[in-house]
Amino acid sequence: MRFSDILGQEKAQRFLRQVMVREKMPHAYLFTGIPGVGKRSTAQALAMALNCLSPQDGDACGLCGSCRKILGGNAPDFHVIRPGSNKIGIDQIREVNHGLSFAPLSAQYRVLVICQAEAMTPEAANAFLKTLEEPSPGNIFVLTATEPLDLLPTIVSRCQKVSFQPLPRGVVANWISEKKGVSQKEADIVAGLSGGSIGRALEMAENEFLENRERWLERIAELPGFPRTEAQGVAFKWAEEIKAGGTSGAQGSSLGPAAVLDIWKSWYRDLLLARAKMGEHSFMNRDFSQSLKKMSMGFKIKNLAKSFFLIDRAAMDLMENRNSALVFEHLVLELRALAGRL
Ligand SMILES: [Zn+2]
């Protein structure tokens, strides 16, 4: 992965290439941005460029011994630390600190990447802070995080911040369609729902997400048509089905309860835009443009906004590990009540 292989993020790349040639290069960086926009890949590109034996215009060659080692995943001076079961513990940081006390083995710079640095436990963060405060020469640190606010301010203040932006929908769509061989139409849908994250779009393009999405969109679209008396039964049935479809919790699974809520959120977001007469280019679910336009007219704007926030609240309830069947049952009944047609 060279700088030139990274999708978008021109500003971050330009900055890093400039900083690399400075006499006093910062020794610690904090890459921030939503997951799946190239933070870890850029850290690798930085490690390659710093150690490349024949760099070109501030980028690695990708062919020399040093580049090949990093690309092959067996460079002794390029380390990536990831959370194990959602946490980066003190032991992981102690191991790192021990390794850093020696000079880099073969490279000019040893690059240490801490992915999802916000996952460091307080003890781990404090241990790492000491390392940052007394840097030994030749070591470069890259922390990645979604939000700087989730980290110790004393860590943040010692890092050079580099922000990563969500990628434009068109860029994500083209990449997905090219790399994954999915149709342009499907690529456009997942790109729209990905919020600009290649990682998220990939995840959606790779499994049954698209079928799942269609099914749950069709259902939520039918909801206003159900008589009130039937809504309870429908809510119960759906809740059971969602629970059976994926109980793996709020994050990660593209078929789980959280994924269904994301799909519904995109639906109400689009209904709001349709109701406000925004063009269909702004819709996430462009393939449902006609139904969205037609349906939106049966809603009060106020109720669409309320519905959107109810789904958001349900998503938070799920993250707090509330009973997913109950959360869904409650939500479906509330959405039905706001659906206008009585
Ligand atoms: Zn090279």
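Note that the coordinates shown come from a computational prediction; the quantities given were computed from them, not determined experimentally.

**What about the overall build of the protein?**
Helix and strand counts for the protein stand at 15 helices and 5 strands. The principal-axis extent of the C-alpha atoms belonging to the protein is close to 70 × 40 × 30 Å. Taken over 342 residues, the protein has a buried fraction of 48%. In the protein, the share of contacts with a sequence separation of at least 24, taken over all contacts with a separation of at least 6, comes to 69%. When the accessible surface of the protein is summed, it comes to about 17,100 Å², and 53% of that surface belongs to carbon and sulfur atoms.

**Let's talk about the nonpolar core**
With 56 residues, the main nonpolar core has I176, W264, W267 and Y268 as its most contacted residues. Considering every element that reaches this core, the biggest residue donor is helix α12 (residues 257-275), with 9 residues. Each of two domains, domain 2 (168-206) and domain 3 (208-337), supplies a minimum of three residues to this core. In this structure, I176 is in contact with G181, V182, A187, V190, A201, L202 and A205, ignoring residues within four places of it in sequence. Listed in part, the 32 residues of the second largest apolar core include L16, M48, A60 and V113.

**Observations concerning the packing of aromatic side chains**
Evaluated as defined, the whole model comprises 10 aromatic pairs. With centroids separated by 6.4 Å and ring planes inclined at 70 degrees, the aromatic side chains of F226 and W238 adopt a geometry described as edge-to-face. You can see F226 sitting in the loop between α10 (209-222) and α11 (228-245) and its partner W238 sitting in helix α11, a full 12 residues away along the chain. According to the relative accessible area criterion, F226 is buried, its value standing at 18%. Their ring planes at 90 degrees and their centres at 5.7 Å tell us that F308 and F309 sit as a pair that is edge-to-face.

**Looking at the domain arrangement of the protein**
Buried accessible area, meaning the area lost when the parts come together, often serves as the stated size of an interface. When the domains of the protein are assigned, the result is domain 1 (3-163), domain 2 (168-206) and domain 3 (208-337). Domain 1 and domain 3 are separated by 39 Å when their C-alpha centres are compared.

**Quick notes on helix α13 (residues 289-296)**
Within α13, the full set of buried residues consists of S289, L292, M295 and S296. Along the axis of α13, the buried residues cluster in a sector spanning 140 degrees; they form a single face. Those residues of α13 that are exposed and aimed more than 90 degrees away from the buried face are Q290 and K294. In this structure, the buried residues of α13 make contact with α10 and α12.

**Some words on a negative patch on the surface**
Taken together, the side chains of E186, E208, E211, E214, E218 and E222 present a region of like negative charge at the surface. It is α10 that provides the largest number of residues to the negative patch, a total of 4 residues. Positionally, E222 belongs in helix α10. In this structure E222 comes out as partly exposed when scored by relative accessible area, which is 45%.

**Quick word on unusual backbone geometry**
Glycine aside, a negative phi is what most residues show, and trans is what most peptide bonds show. Of note in this structure, Q116 is not a glycine but carries a positive phi near 50 degrees. Inspection of the secondary structure assignment puts Q116 in the loop between β3 (110-114) and α5 (122-133). Positive phi is not limited to glycine here, since K277 has a value of about 60 degrees. Tracing the backbone shows K277 in the loop between α12 and α13.

**A short note on the coordination of the zinc ion**
At the metal site, the zinc ion is ligated by C52 (SG), C61 (SG), C64 (SG) and C67 (SG), and these contacts range over 2.3 to 2.4 Å. The site at the zinc ion holds 4 donor atoms, and with the angles between them running 100 to 119 degrees, its shape is tetrahedral. Coordination of the zinc ion draws on donor residues from a single chain, spaced C-x8-C-x2-C-x2-C in sequence. Given a relative accessible area of 11%, C61 falls into the buried group.

**Let's talk about the packing of helix α7 (residues 169-180) against helix α8 (residues 184-193)**
Direction vectors running N to C along α7 and α8 enclose 135 degrees, while the axes themselves pass 8 Å from each other. Judged on the interaxial angle alone, α8 and α7 are oblique. The crossing of α7 and α8 is right-handed. When α7 is examined against α8, the residues R169, V172, A173, N174, I176 and S177 are found in contact with a partner set consisting of Q184, A187, D188, V190, A191 and G192. A breakdown of the residues in the contact of α7 with α8 according to their chemical character gives 6 nonpolar, 4 polar and 2 charged.

**What to know about the packing of helix α4 (residues 90-100) against α5**
For the pair α4 and α5, the least separation of the axes is 8 Å and the interaxial angle reads 15 degrees. Considered as vectors, α4 and α5 are oriented roughly parallel to each other. Relative to α5, the crossing made by α4 is left-handed. Judged by residue contacts, I90, I93, N97 and L100 of α4 engage E123, A124, A127, F128 and T131 from α5. Grouping the amino acids of the contact of α4 with α5 by side-chain chemistry returns 6 nonpolar, 2 polar and 1 charged.

Reading the values: rules and limits
Residues numbered from 1 in each chain as written. Predicted model: local features only at pLDDT ≥ 70, side-chain atom pairs only at ≥ 80, totals over all residues. Heavy atoms only, no water. Helix = DSSP H or I, 4+ residues; strand = E, 2+ residues; numbered from the N terminus. Buried < 20%, exposed > 50% of the residue type's maximum accessible area, 1.4 Å probe, protein only. Contact = heavy atoms within 4.5 Å. Areas by Shrake-Rupley, 256 points an atom, 1.4 Å probe, with all protein chains shown as cover. Core = buried A, V, L, I, M, F, W, Y, C linked by side-chain atoms within 4.5 Å. Domains from an automatic or database assignment. Phe/Tyr/Trp six-rings, centres within 6.5 Å; stacked < 30°, edge-to-face > 60°. Arc of directions from axis to C-beta. Patch = residues over 30% accessible without salt bridge, like charges linked within 9 Å, V, L, I, M, F, W, Y side chains within 5 Å. Salt bridge = Lys/Arg side-chain N within 4 Å of Asp/Glu carboxyl O. Lys, Arg positive; Asp, Glu negative; His and termini not counted. Charge placed at Lys NZ, Arg CZ, Asp CG, Glu CD. Donors = N, O, S within 2.8 Å, 3.2 Å for Na, K, Ca; no water. Tetrahedral: all angles 85-135°; square planar, octahedral: opposite > 155°, others 65-115°. Axes fitted to C-alpha atoms, helices over the stretch in contact; angles between N-to-C directions. Parallel < 35°, antiparallel > 145°, perpendicular 65-115°, else oblique. Left-handed = near helix turned anticlockwise from the far one by under 90°. Nonpolar A, V, L, I, M, F, W, Y, C, P; charged D, E, K, R; others polar.

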